[in-house]
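Coordinate analysis (summary)
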Amino acid sequence: MKNKNSAIPYIWLAGLSMLGFMATDMYLPAFEVIRQELETSEQMIGWTLTLFLLGMAGGQLLYGPLINKFGMKKTLCSGLVVFSIGSAICGLSSSVEVLLTGRFLQALGACGATVIWQSYVIDNYEARTSQRIFASIMPLVALSPALAPLLGAALERHFGWQTIFYTLILIGIALIARSSVMDFSPKYEKLKLDSQAVNFPLGIIKQYREILASKIFTGNMIIYASCSAAFFAWLTGSPFIMHNMGYSGADIGLSYVPQTIAFIIGGYGCRVLLNRHAPGKILPWLLKLFIFSVFTLFLIAIRIEQTSIIPLLIPMCFMAAANGAIYPLVANSALAEFKSNSASASGLMNFLQMMFCVISSGLVSVSSGYGSVAMTGVMAAQGLLVLMGYVLIITERRSQTVIPAIEY
């Protein structure tokens, strides 16, 4: 366990947390240029994103067992090497099939960074410190959708679309260099390796079943995944809704700026509140704000004629602020009781989160003919799931005879 006064490697942790999102968002402005140069269809270019998301989701289930077998440092550096190789393949692509291969390798490498930064924090810091670290790092993720496409567009315009992927190679190499000199507490890690040796695949399946058996984990995971799914429902539906209202592409892009600001304010506001209040005192109020926001969105959609995005954007910003504060609380709390198995718990949590998001996005897509009613209806449904997750947490707390380290 790190001394609470020791320097926390925030830049390194932020780089690991943002890597997958940067690889997702940086090349989006170059879609059409890539399609033309590789002489392929829009559908095939779209698959480069879909395949990446599927690789990010499924790959996270592998990293817990890999860390248990080989250790955190070796697994992280190997994943970053895979990411860099995948980025190189993308940059050198002469066909969409090669690009798809590179994107899948990128995803398999990047998802390890997501699992390992969370596991590293849980393993190395006591509960209150880890809460503050999560509250500091997770809001930075919101910067990627806002800034990464701008960087990608500038690189493509001045140097060609390939430089987007070459830049990602440099980022991967920088993270490898930093990770190789990080202190992963070898003695502590060896104890984990010796105590966590499991058979594949039956031992891994049993391990995940034991994690899901925890109501604290499952309840927090449902909240985390449902809040994320509501945001993905908005990301999927709002561009088409705004286009039908007559907004330009530039207007649609700008509409995400206030949401990003709100998310960051929520995240760092949570960090300030944690200095004065226990997480269990903060979370219920944040969940009320989230549920109120999504149901307000649904009521506006069914009661007000949609001629402007502003009536929907205002409660959406409140939802984004709630999410920014909720994410670090529930993610940290879901993993806190699995210090001896934090990597597997993190991988499972992030996998299920992405599956919730894929389902939510799919529901909005297949019901797109109903416009804002369908989008906000899916978002309101996440409010019910959030409530269900919190009930699981409360039920477990009341059944415990010993006060847990993190109260709810």
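These numbers come from a predicted model, not from an experiment. (Residues numbered from 1 in each chain as written. Predicted model: local features only at pLDDT ≥ 70, side-chain atom pairs only at ≥ 80, totals over all residues. Heavy atoms only, no water.)

Contact geometry for helix 4 (residues 72-91) and helix 5 (residues 96-124): axes closest at 7 Å, N-to-C directions at 155°. By the angle between their axes, helix 4 is roughly antiparallel relative to helix 5. As helix 4 packs across helix 5, the resulting crossing turns out to be left-handed. In terms of residue class, the contact of helix 4 with helix 5 is built from 13 nonpolar, eight polar and two charged. (Axes fitted to C-alpha atoms, helices over the stretch in contact; angles between N-to-C directions. Helix = DSSP H or I, 4+ residues; strand = E, 2+ residues; numbered from the N terminus. Parallel < 35°, antiparallel > 145°, perpendicular 65-115°, else oblique. Left-handed = near helix turned anticlockwise from the far one by under 90°. Nonpolar A, V, L, I, M, F, W, Y, C, P; charged D, E, K, R; others polar.)

Attention now goes to the nonpolar core. Among the nonpolar cores identified, the biggest contains 114 residues, and W12, F217, I223, W234, F290, I326 and M379 are the most heavily contacted of them. Ranked by residue count, the leading element in this core is helix 15 (residues 310-336), at 16 residues. Setting aside residues up to four positions removed in sequence, W12 forms contacts with L76, Y120, L175, R178, S179, M182 and F184. (Core = buried A, V, L, I, M, F, W, Y, C linked by side-chain atoms within 4.5 Å. Buried < 20%, exposed > 50% of the residue type's maximum accessible area, 1.4 Å probe, protein only. Contact = heavy atoms within 4.5 Å.)

A word on the packing of aromatic side chains. Inspection of every chain in the model, using the stated rule, returns seven aromatic pairs. Residues W117 and F134 carry aromatic rings whose centres are separated by 5.1 Å and whose planes lie at 40° to one another, so their mutual orientation is tilted. Taken together, the residues W117 in helix 5 and F134 in helix 6 (residues 127-137) connect sequence positions 17 residues apart. Take W117: its relative accessible area is 3%, and that puts it in the buried class. The exposure class of F134 is buried, given its relative accessible area of 0%. Ring geometry for Y120 and Y125: centres 6.4 Å apart, planes at 65°, overall edge-to-face. Put simply, the rings of W12, Y120 and Y125 touch in pairs and so form one group of aromatic residues. Above the plane of the ring of Y27 lies R103, whose end atom (NZ or CZ) is 4.1 Å from the centre. The ring of W285 has K288 lying over it, and the distance from NZ or CZ to the ring centre is 4.2 Å. (Phe/Tyr/Trp six-rings, centres within 6.5 Å; stacked < 30°, edge-to-face > 60°. Lys NZ or Arg CZ within 6 Å of the ring centre and 35° of its normal.)

Bringing unusual backbone geometry into the picture now. What you tend to see is this: most non-glycine residues have negative phi, and most peptide bonds are trans. We note that E39 has phi near 55°; this positive angle belongs to a residue other than glycine. Residue position: E39 is located in the loop between helix 2 (31-38) and helix 3 (42-70). What makes E39 exposed here is its relative accessible area of 74%.

One can find S93 in the loop between helix 4 and helix 5. Within polar-contact distance, the side chain of S93 engages the backbone oxygen of C90 at 3.0 Å. Of note is the side chain of S93, whose polar atom sits 3.4 Å from the backbone nitrogen of L99. Residue contacts for S93: discarding those within four places in its chain leaves L38, V98, L99 and W161. (Polar contact = N/O pair within 3.5 Å; in protein donor to acceptor, adjacent residues only side chain to side chain.)

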